[in-house]
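Close look at the chain arrangement
Spelled out from the first residue to the last, the chains are:
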Amino acid sequence: MDVDTRLLRYAVAVAREGSLTRAAERLHVSQPALTKQIRRLETDLGVELFTRSREGMALTEAGRILVHGASVLLDDWQRLLAETRRTATRAERILRVGFVASAANEATPAIVAAFARALPGWRVEMRQAAWSNPSAGLADGDVDAAFVRLPFPGQEDLRTHVLFSEPRCVALAAGHRLADRHELDFRELWDEPFVAAPARTGAWRDHWLAADERDGHPARIGAVTEHPDDWLSAIANGYGIALAPASAARFYARPGVVYRPVRGVSPTRLAIAWAPANDADPAVRAFVRCCRGAGSWEGASRSST
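Quantities reported herein were computed from a predicted structural model and do not represent experimental measurements. (Residues numbered from 1 in each chain as written. Predicted model: local features only at pLDDT ≥ 70, side-chain atom pairs only at ≥ 80, totals over all residues. Heavy atoms only, no water.)

**Some details on the environment of Ala199**
With respect to the helices, strands and loops of the structure, Ala199 is situated in the loop between strand S9 (193-196) and helix H6 (203-208). A C-alpha to C-alpha distance of 23 Å links Ala199 and Ala246, two positions 47 residues apart in sequence. (Helix = DSSP H or I, 4+ residues; strand = E, 2+ residues; numbered from the N terminus.)

Structure below.
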């Protein structure tokens, strides 16, 4: 019998989290979709893997056997897949670097140039990820390193080094009633509809809604988007406002959208991230060293304020 490894990964996630809701956030899928896939796996196997209750999802004895073996199998498969991809790109002397939105801001070209000097003959292949993939492809092994905004689901399984922080601002439609203000207080925005990332992005979505900085005041969602262009269109069309890095005013300028400073909300942090399996990889280590260069970040931090 053939079983989709994706279904095994889902079962392992549910077992580890003990909750469909938390597992769905970790996997970046909706809870109804995850529930359907778990039931599909049980049907395919003809075995009940979980007992369901108000307290969550608990493994049956058969489920414990499956999850233990599946964990080993998936870890081996992930290592094999990552090694296969890494071998292919290393043969071509390519380092795959994922990023979300503006990567490392103005410092990105300098980092890439520094890497080329550090490893002559190598080149960096930048790969932009959708906002529904806040690890920028790193969690799936699609890239070797990534510029990420913290926090995001699954970051505890990766290495991260914070490079700089910058203030968050608010993006509004040019015709919004608050657009003429020079600066806003976050409390003034609590009742506004927000343009948000998909719910499955968990902590990433919560950060850009500043969910833990509202004194328990729930966020209103006016639209859900996964890509910068769709995000800008939703804001310009008045479906909602959104928090953004201050640098978005430079990298995502668009007619119909204005950016204003916001008081009362914490800054955002940008980090370079990589998988623990790449700790000893010479190319990854060289790229991380270039990212940590003090000169680059002094300029990036200054340009973001």
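**Considering the environment of Arg22**
You can see Arg22 is positioned in helix H2 (residues 20-27). According to the relative accessible area criterion, Arg22 is partly exposed, its value standing at 43%. Separated by 12 residues in sequence, Arg22 and Leu34 place their C-alpha atoms 11 Å apart. A polar atom in the side chain of Arg22 sits 2.5 Å from the backbone oxygen of Glu17. (Buried < 20%, exposed > 50% of the residue type's maximum accessible area, 1.4 Å probe, protein only. Polar contact = N/O pair within 3.5 Å; in protein donor to acceptor, adjacent residues only side chain to side chain.)

**Digging into the nonpolar core**
Among the nonpolar cores identified, the biggest contains 49 residues, and Val170, Phe186, Leu189, Trp231, Leu243 and Tyr259 are the most heavily contacted of them. Elements with a minimum of two residues in this core: strand S5 (145-150), strand S7 (168-173), S9, H6, helix H7 (228-236), strand S11 (242-245), strand S12 (257-263) and strand S13 (268-274). Not counting residues within four places of it along the chain, the set of residues in contact with Tyr259 comprises Cys169, Val170, Ala171, Trp231, Leu232, Ala248, Ala249 and Tyr252. Core analysis: the next-biggest nonpolar cluster, separate from the first, contains 25 residues, Ala104, Phe147, Phe164 and Val284 among them. (Core = buried A, V, L, I, M, F, W, Y, C linked by side-chain atoms within 4.5 Å. Contact = heavy atoms within 4.5 Å.)

**Here's the deal with the confidence of the model for the protein chain**
Predicted coordinates in regions of low pLDDT should not be interpreted in detail. Taken over all residues, the pLDDT of the protein chain has a mean of 89, while the share at 70 or more is 92%. Ignoring residues within four places in sequence, the model shows residues 294-305, a span with pLDDT below 50, making 21 contacts including any to other chains. (pLDDT = per-residue confidence, 0-100.)

**What about H2?**
Along H2, the residues that are buried comprise Leu20, Ala23, Ala24 and Leu27. End-on, the buried residues of H2 take up no more than an arc of 100°, which puts them together on one face. Buried residues along H2 sit in contact with helix H1 (5-17), helix H3 (31-45) and strand S2 (56-59). With a side-chain oxygen positioned 3.2 Å from the backbone nitrogen of Thr21, the residue opening H2 is Ser19. (Arc of directions from axis to C-beta.)

**Looking at the layout of surface pockets**
If you add up the space inside the second largest pocket, you get close to 160 Å³. Broken down by secondary-structure element, the contributors of at least two residues to the lining of the second largest pocket are H2 and H6. Residues of the lining of the second largest pocket, tallied by class, amount to three nonpolar, four polar and four charged. (1 Å grid on protein atoms, 1.4 Å probe; cavity = no way out; pocket = protein on both sides within 12 Å on 5 of 7 lines; lining within 4 Å. Points joined across faces, edges and corners; volume = space filled by probe spheres on them. Nonpolar A, V, L, I, M, F, W, Y, C, P; charged D, E, K, R; others polar.)

**Here's the deal with a nonpolar patch on the surface**
Side chains of Leu73, Trp77 and Leu80 sit close together on the surface and give an oily, nonpolar patch of about 310 Å² of accessible area. One can find Trp77 in helix H4 (residues 61-91). Residue classification places Trp77 among the partly exposed positions, given a relative accessible area of 42%. (Patch = residues over 30% accessible without salt bridge, like charges linked within 9 Å, V, L, I, M, F, W, Y side chains within 5 Å. Areas by Shrake-Rupley, 256 points an atom, 1.4 Å probe, with all protein chains shown as cover. Salt bridge = Lys/Arg side-chain N within 4 Å of Asp/Glu carboxyl O.)

**What to know about the sheet that holds strand S8 (residues 184-185)**
Taken together, four strands build an open sheet; the order of strands is S8-S12-S7-S11 and the sheet is mixed. Two strands bound the open sheet, and with one partner strand each, they are S8 and S11. Inspection of the sheet shows S7 paired to S11 by four bridges, in the antiparallel sense. Along S11, the bridge assignment pairs Arg168 with Pro245. (Pairing = 2+ DSSP bridges.)

**Points about the pairing of S13**
Remember that side chains alternate between the two faces of the sheet whenever the strand is regular. The buried fraction of S13 is high, at six of seven residues. Bridge count between S5 and S13: six bridges; the pairing is antiparallel. In the sheet register, Ala145 faces S13, and the bridge partner there is Trp274.

**What about unusual backbone geometry?**
Cis geometry is found at the peptide bond from Leu150 to Pro151, where omega equals 0°. Structurally, Pro151 is set in the loop between S5 and strand S6 (159-166). Although it is not a glycine, Asn105 adopts a positive phi angle of roughly 60°. With respect to the helices, strands and loops of the structure, Asn105 is situated in the loop between strand S3 (94-100) and helix H5 (108-118). Assessed through its relative accessible area of 3%, Asn105 is described here as buried. For Ala210, which is not a glycine, the phi torsion comes out positive at approximately 50°. The topology assignment puts Ala210 in the loop between H6 and strand S10 (220-224). Assessed through its relative accessible area of 0%, Ala210 is described here as buried.

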